[in-house]
Amino acid sequence: MSSPSIPLAGVIGFPVGHSRSPRLHGHWLQRYEIAGHYVPLEVAPERLEQVLRALPQMGFRGCNVTIPHKEAVLDLADQVSDRARRIGAANTLTFSPGGQVHADNTDAHGFMANLGDGAPEMQLAGATVLALGAGGAARAVLVGLLEAGVGRILLANRTRARAEGLQAEFGDRITVIDWDTAGAAIAGADLIVNTTSLGMTGQPPLAIGFDGLHKAQVVSDLVYSPLETPLLAAARAAGAVAIDGLGMLLHQAAPGFERWFDHQPKVDAALRKAVLA
Ligand code: NAP
């Protein structure tokens, strides 16, 4: 299979209309004057394998993967990166010229790059982290933080067994605490990360009590709708560094764009504006 003159990429989901990825990649394509396209691809689960085999033949260099396919693609890919394997899901596929599918997960990179932008001075080595939530996003955050050398992660989740599952998988640097005690654990953490959907538009608020927030802390919320969640507003009011979730979404997209369109894109204010428009 030869490399197509007009590179194509897209996002596979079901449904996929809510995805911000087409706007995000579309902004970069226009900005760097690349004659390529990035399209939303609504693919039902029973068609996933068939579509993955067809896309390389149609000129696609790769694609992003969103709900509900992030886990299923691991079994269909020809190669899976270590990070995708550890996180247990893939969000970025790259197709070789011969049509082989390589699956990767760039969410840990996205989270860490956003953290680096928002808190460039932060010393992660040895830091104490309070992580709220034990779902899919939490897995990527834990992998990123553990690789960065944090000392201890206090992990609280409504369903404690799910947090215990992550502790068993990711090891001793994780300590599971009761969801009811999460508010009390805030004061002793250097970094607080919300990976739950609480605080998101249409979801219940994150009601754990924010009294322990103080100015020596960094607070990151993965929720990006709204951008300023009550957690982040409380963090700012306490003088802490507050980092919203949009930057993670933008940064996780960059490696895919570079692989498919041969250009390293910038995550900056212009991109934020375009995605929020
Ligand atoms: P998920 O796998 O469904 O996990 C949801 C998490 O939220 C679980 O820990 C769940 O606890 C918790 N939760 C939900 N409702 C709750 C409630 N009423 N009370 C207490 N805990 C509750 O979802 P996900 O994929 O991890 O995504 C989580 C959030 O991160 C979403 O808001 C998503 O938009 C955001 N996210 C952002 C980015 C980004 O780039 N910024 C990337 C990925 C995800 P249980 O285990 O008890 O159900």
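What you see is a predicted model; the values in this text were computed from it and never measured.

**Some details on the overall build of the protein**
Piece 1. A count of helical and extended segments in the protein gives 11 helices and 12 strands.
Piece 2. Its C-alpha radius of gyration of 19 Å places the protein within 12% of the 19 Å reference for a compact globule of 277 residues.
Piece 3. By the burial criterion, 53% of the 277 residues in the protein qualify as buried.
Piece 4. When contacts within the protein are restricted to residue pairs at least 6 apart in sequence, those whose partners lie at least 24 apart make up 67%.

**Considerations on the nonpolar core**
Piece 1. Counting 33 residues, the largest nonpolar core has Phe-111, Leu-115, Leu-124, Leu-142, Leu-145, Ile-153 and Leu-191 as the members making the most contacts within it.
Piece 2. Those elements that place two or more of their residues in this core are α5 (107-118), β7 (128-132), α6 (136-147), β8 (152-156), α7 (160-170), β9 (174-177) and β10 (191-194).
Piece 3. Element by element, the count of residues in this core is highest for α6, at 7 residues.
Piece 4. What Ile-153 contacts, discounting residues up to four positions off in sequence, is Val-129, Ala-131, Leu-142, Leu-145, Leu-146, Arg-173, Ile-174 and Thr-175.

**Quick look at the pattern of salt bridges**
Piece 1. Here the structure, examined in full by the defined rule, presents 12 salt bridges.
Piece 2. Notably, a salt bridge pairs Glu-147 with Arg-86, separated by 3.8 Å at the nearest N-O pair. Separated by 61 residues along the polypeptide, Glu-147 in helix α6 and Arg-86 in helix α4 (residues 82-87) bring together distant segments of the chain.
Piece 3. With relative accessibility at 34%, the residue Arg-86 sits in the partly exposed group.
Piece 4. Taken together, the salt bridges that share partners define one network made up of Arg-83, Arg-86 and Glu-147.

Conventions adopted
Residues numbered from 1 in each chain as written. Predicted model: local features only at pLDDT ≥ 70, side-chain atom pairs only at ≥ 80, totals over all residues. Heavy atoms only, no water. Helix = DSSP H or I, 4+ residues; strand = E, 2+ residues; numbered from the N terminus. Rg over C-alpha atoms; globule rule 2.2 N^0.38 Å. Buried < 20%, exposed > 50% of the residue type's maximum accessible area, 1.4 Å probe, protein only. Contact = heavy atoms within 4.5 Å. Core = buried A, V, L, I, M, F, W, Y, C linked by side-chain atoms within 4.5 Å. Salt bridge = Lys/Arg side-chain N within 4 Å of Asp/Glu carboxyl O.

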